[in-house]
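Summary of the model geometry
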Amino acid sequence: MDQRTNESVRENPAPALSHTEIRTIILGVMLSMFLAALDQTIIATALPTIGRELGDLEHLPWIVTVYLLTSTAVTPLYGKFSDSYGRRVTMLIGIVIFIIGSIACALAPNMIVLILARGLQGIGGGGLIALAQTIIADIVAPRERGRYQVYFASVFMTSSLLGPVLGGFFAQHLHWSVIFWINLPLGLLALTIAFHSLKKLPRFERPHKLDVLGALLLVAATVALLLALSWGGLRYPWASLPILGLFAASAALWVLFAVRMRLAPEPLIPPGVLHNPVVRMAVLAACFGMGTYIGLTIYLPVYFEAVRGLSASLSGLALIPLMAGTVVGATMSGRSMAKVKHYKRLPTVGLIVAMATTAVLALYGQSLSIVTVEIILAVISIGLGTVLPVTMVTTQNAVAPHQMGTATGTANFFRSLGGAFIVAIFGAIVLGASGLGGASSFETLGAAAAQSGVDLGDVFSYVFMAAVVGFGLALAFLLALEERPLRGSAVKAAEAAVAD
């Protein structure tokens, strides 16, 4: 590190925050996270109503896809911007954009406007989760940080359980636009709390130039890749010219982005961040672990409805063990990180258990009772939950304070990208193995399978085996992760990171 960095840390030591101040900051960032997380789940059950009322069912999937595209693509930008100009101003900008996007969604007169408004909403929501994790890293020492990951897990669990219920209720009994209007009071509350509480955050930012060209290349490469993954097997065959063209364009743009990272005076993602072996292994472990988990959450409802014969509402309830278990696992892992030296042992065991129980689903899924399947899902979820605090905290522990936002944003970006990859792979397995590529959507898959005599139980055995492979890759990268000691105090954390 250069002399300016050392001076920056000495001039801006982490202030001593009282427990009340830390709690207030955590409340503010949790509410901001909840805004982004809830918006990914509340809309699912309202989609049929939206399509009917706007008279456009063909473009309905884009309401979800465009939010994924924009929110994933801008995540690293938020991290870099916060390292340059501060967490507080960046969080406020994200919340304001999210609120404006929500109002535009609620007022949308047709499907095209709604899709564009969802894209704007994704630009605001894409950085809220990564920024919240970065802010916690600014105020809590790495050794204690794992236990605060529990709060994040609880936010995701709450949004996963509450979102579909609220979305269905609003669409059926009020109006579909209420799912967006509800973001207005929640967003204003988050904005008020963030404006006042984040003034006491420690400041590690340094003057930077935002790499606009690098940002455009990253966004373009990501959008092309996610478009290919979203359209492949559904709108177009995987081997069709549009899909192959998108993959080729994405590959070329990624190469240009890699070249830009090497040549730019201040690249969007500093090569030192990804060259850091701890960051690299932690990001890859989270990418495959969390990506596999996201894939299961997307396709298990299809399994419950098409294979187990559950209704849509019951299949949502059947997902609760998979959602709730991550909080239990994250709590166990987060608390143990503050007490034990070898903090990798628990998540290592957790991933092994997750692999074994997922293999049971793959081999015996059709003969197991629904209660047994629910127990297995809870065990899988608990095992995976132990990994989440370790990968995030070790990433933040391995970089300098002024790179915290960039590292956290990069980690979240690749986790989202991993989810998109795994979902696409699971989709290719389901459609390819069943020979039902002509199904108009995954919701019609069960009916199409019944007509053609395809046993979807056998098809989902391949999906669960692919999940075993995903968890296995996460385990391999976790084992390769260097177990560095966690720093004990905020000031020492800053000094130690600069000395690295």
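Residues numbered from 1 in each chain as written. Predicted model: local features only at pLDDT ≥ 70, side-chain atom pairs only at ≥ 80, totals over all residues. Heavy atoms only, no water.

1. Quick look at helix 14 (residues 277-306)
For helix 14, with 30 residues, the first-to-last C-alpha span of 43 Å sits near the 44 Å given by 1.5 Å per residue. The sharpest bend along helix 14 comes to roughly 35°, located at Tyr299, with the proline Pro301 sitting one to four residues further on. Of all the 30 residues making up helix 14, 22 are buried; the element is thus mostly covered by neighbouring parts of the structure. (Helix = DSSP H or I, 4+ residues; strand = E, 2+ residues; numbered from the N terminus. Expected span 1.5 Å × (residues − 1). Bend = angle between axes of the 7 residues up to and from the residue. Buried < 20%, exposed > 50% of the residue type's maximum accessible area, 1.4 Å probe, protein only.)

2. As for the confidence of the model for the protein
The predicted model of the protein has a mean per-residue pLDDT of 76, with 78% of residues at 70 or higher. Ranking the elements of the protein by mean pLDDT puts helix 23 (residues 490-499) last with 37 and helix 17 (residues 345-364) first with 92. Contacts for the low-pLDDT stretch residues 438-442, under 50 throughout, to residues beyond four places or in other chains number 7 contacts. With pLDDT under 50 throughout, residues 489-500 is counted as low confidence; its partners more than four residues away or in other chains account for 25 contacts. (pLDDT = per-residue confidence, 0-100. Contact = heavy atoms within 4.5 Å.)

3. A look at helix 17
Between its terminal C-alpha atoms helix 17 stretches 29 Å, which fits the 28 Å expected from 20 residues at 1.5 Å a residue. Listed in full, the buried residues belonging to helix 17 are Pro347, Thr348, Gly350, Leu351, Ala354, Thr357, Thr358, Leu361 and Ala362. Those residues of helix 17 that are buried lie in contact with helix 18 (370-385), helix 19 (387-397) and helix 22 (456-480).

4. Describing the side chain of Ser250
Within the fold, Ser250 resides in helix 12 (residues 241-263). Here Ala221 takes part through its backbone oxygen, which lies 3.0 Å from a polar atom of the side chain of Ser250. Discounting chain neighbours no more than four positions away, the residues touching Ser250 are Ala221, Ala224 and Leu225. (Polar contact = N/O pair within 3.5 Å; in protein donor to acceptor, adjacent residues only side chain to side chain.)

5. Observations regarding the side chain of Thr348
Position of Thr348 relative to the elements: it lies in helix 17. Within the structure, the side chain of Thr348 is placed 2.7 Å from the backbone oxygen of Lys344, a separation counted as a polar contact. Other than its neighbours up to four places away in sequence, Thr348 contacts Leu475, Leu478 and Leu479.

6. Concerning the packing of helix 17 against helix 22
One can describe the packing of helix 17 onto helix 22 by two numbers: an axis separation of 8 Å at closest approach and a directional angle of 165°. Between helix 17 and helix 22, the angle falls in the class roughly antiparallel. Crossing of helix 17 over helix 22 shows left-handed handedness. Here Pro347, Thr348, Leu351, Ile352, Ala354, Met355, Thr358, Ala359, Leu361 and Ala362 of helix 17 lie close against helix 22, whose contacting residues are Ser461, Phe464, Met465, Ala467, Val468, Phe471, Gly472, Ala474, Leu475, Leu478 and Leu479. Per-class residue counts for the contact of helix 17 with helix 22 are 17 nonpolar, 4 polar and no charged. (Axes fitted to C-alpha atoms, helices over the stretch in contact; angles between N-to-C directions. Parallel < 35°, antiparallel > 145°, perpendicular 65-115°, else oblique. Left-handed = near helix turned anticlockwise from the far one by under 90°. Nonpolar A, V, L, I, M, F, W, Y, C, P; charged D, E, K, R; others polar.)

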